[in-house]
Amino acid sequence: MAAAPGNAMMEGGAVAQPPGTDMTGICFRDQLWLNSFILDRNLVFDYFALSPFYDWTCNNEQLRMRSVHPLDLSQLSKMTGTEYVLSEVMEPHLFVIRKQKRDSPDKVTPMLAYYVLDGSIYQAPQLCNVFAARIGRALYYIQKAFTTAASKLEKIGYAGSADSENETALPESKTVKETIDIKEVKRVDHILASLQRKLPPAPPPPAFPEGYVPPPTGETEKGTETQEAAETQAPTADPIIDQGPAKRMKF
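What counts as what
- Residues numbered from 1 in each chain as written.
- Predicted model: local features only at pLDDT ≥ 70, side-chain atom pairs only at ≥ 80, totals over all residues.
- Heavy atoms only, no water.
- Helix = DSSP H or I, 4+ residues; strand = E, 2+ residues; numbered from the N terminus.
- Buried < 20%, exposed > 50% of the residue type's maximum accessible area, 1.4 Å probe, protein only.
- Contact = heavy atoms within 4.5 Å.
- Polar contact = N/O pair within 3.5 Å; in protein donor to acceptor, adjacent residues only side chain to side chain.
- pLDDT = per-residue confidence, 0-100.
- Core = buried A, V, L, I, M, F, W, Y, C linked by side-chain atoms within 4.5 Å.
- Pairing = 2+ DSSP bridges.
- Salt bridge = Lys/Arg side-chain N within 4 Å of Asp/Glu carboxyl O.

Let us look at the environment of Ser120. Along the chain, Ser120 turns up in strand β6 (residues 120-123). Ser120 sits in the buried class, given a relative accessible area of 9%. Here the alpha-carbon distance between Ser120 and Cys27, two residues 93 residues apart in the chain, equals 6.4 Å. Apart from the residues within four sequence positions on either side, Ser120 is in contact with Cys27, Phe28, Arg29 and Tyr115. A polar atom in the side chain of Ser120 sits 3.1 Å from the side chain of Arg29.

Another aspect to go through is the confidence of the model for the chain. In the predicted model, the chain carries a mean pLDDT of 76, and 61% of its residues have values of at least 70. Across the chain, the secondary-structure element scoring lowest on mean pLDDT is helix α6 (residues 161-168), at 53, and the one scoring highest is helix α2 (residues 44-48), at 95. A low-confidence stretch, residues 1-7 stays under pLDDT 50, and its non-local contacts, those more than four residues away or across chains, total 18 contacts.

All right, on to the environment of Glu88 then. By the element assignment, Glu88 lies in strand β3 (residues 81-90). Between the C-alpha atom of Glu88 and that of Arg41, which follows or precedes it by 47 residues, the distance is 9.8 Å. Not counting chain neighbours up to four residues away, the residues in contact with Glu88 comprise Leu94, Phe95 and Val96.

Another point: the nonpolar core. The biggest cluster of nonpolar side chains holds 23 residues, and the ones touching the most others in it are Leu39, Tyr47, Phe48, Phe53 and Tyr84. For this core, the secondary-structure elements that each account for two or more residues are α1 (31-36), α2, β4 (94-104) and β5 (107-117). Take this core: its biggest share by element is 4 residues, from α2.

Let's shift gears to the pairing of β3. Here 9 bridges tie β3 to β4, and the two strands are oriented antiparallel to one another. Across the sheet, the residue bridging to Tyr84 is Lys99, located in β4. Between β3 and the antiparallel strand that follows it, β4, lie 3 residues.

Here the focus is the pairing of β5. Two strands pair when backbone bridges link them, and β4 and β5 are joined in this way by 10 bridges, in the antiparallel orientation. If you follow Lys99 over to β5, its bridge partner there is Leu112. Hairpin connection of β4 to β5: 2 residues between the antiparallel strands. Inspection of the sheet shows β5 paired to β6 by 4 bridges, in the antiparallel sense. Bridge pairing links Tyr114 to Gln123 in β6.

A cis geometry characterises the amide bond from Glu91 onward to Pro92, with omega recorded as -5°. Backbone geometry places Ser67, a non-glycine residue, at a positive phi of 60°. Among the structural elements, Ser67 can be located in the loop between α3 (59-65) and α4 (73-76). Residues other than glycine seldom take positive phi values, yet Asp118 does so here, at roughly 55°. Assignment of secondary structure puts Asp118 in the loop between β5 and β6.

What follows covers the pattern of salt bridges. This model, assessed by the stated rule, comprises 5 salt bridges. The salt bridge involving Glu61 is made with Arg64; its shortest N-O contact spans 3.3 Å. On the criterion of helical spacing, the pair formed by Glu61 and Arg64 is a turn pair, its members being 3 residues apart in helix α3. In this pair, the class of Glu61 matches that of Arg64, namely buried. Between Arg102 and Glu83 there is a salt bridge, with its nearest N and O atoms 2.9 Å apart. With Arg102 in strand β4 and Glu83 in strand β3, this residue pair connects regions lying 19 residues apart in the sequence. Note on accessibility: Arg102 and Glu83 belong to one class, buried. Each member of the salt-bridge network shares a partner with another, and the members are Asp46, Glu61 and Arg64.

The structure is reproduced here in structure tokens:
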């Protein structure tokens with residue numbers, strides 16, 4: 001049933017490793033076999049057996065040696081040990097093969113999963129590795145966002161933090177001065193100006209009722225006292241008028 005391997009290709013630059021190890025970085029494809037046979041649910045296991053993912057000590061190999069179809073569940077359920085079963089099929093593009101350990105006809109423990117996608121065989125990553133990769137990627141972008149936001153806040157608060165830096169009396173050589181982005185300042189001014197144009201002008205204050213005298217404030221009282229002091233003060237002598245009678249010139 002099994003065909004001889006043709007020009008097998010393994011991507012990822014990895015060497016065939018013992019089954020059960022992490023080989024998620026390996027992609028197996030035998031184009032010569034694909035050109036010679038049709039990839040369906042009856043021959044997909046023979047194609048999978050050519051890959052480095054296949055464990056030659058499994059129960060399916062014993063069935064192949066006895067000329068029994070390796071995916072016959074009626075025969076596999078009578079055996080114990082490692083086996084492969086075809087769990088999902090979407091002919092001719094996708095085949096999912098699950099590796100599991102059988103302890104009894106009703107008790108199996110899943111171990112690994114493999115999928116054949118358009119003739120290329122991959123090992124499916126474990127769920128914990130998928131979560132770790134997704135969380136790591138999300139944390140990277142969150143950290144990048146906080147770094148970008150912190151850099152913007154430092155530029156905005158640079159003018160206000162100059163006084164606090166002087167109070168701490170740090171050496172000037174250790175103080176890092178950041179340049180203010182003129183484009184950002186102009187952009188903020190443009191936004192504020194556009195908002196100011198959109199807002200209606202402030203209404204004038206209401207007029208005082210008739211006969212109402214506003215209470216004197218400190219500045220008003222000070223101005224009144226200054227005016228009264230100026231009126232009571234004696235006028236200063238005019239240096240030209242108070243020189244006495246004018247002396248006429250004698251000719």
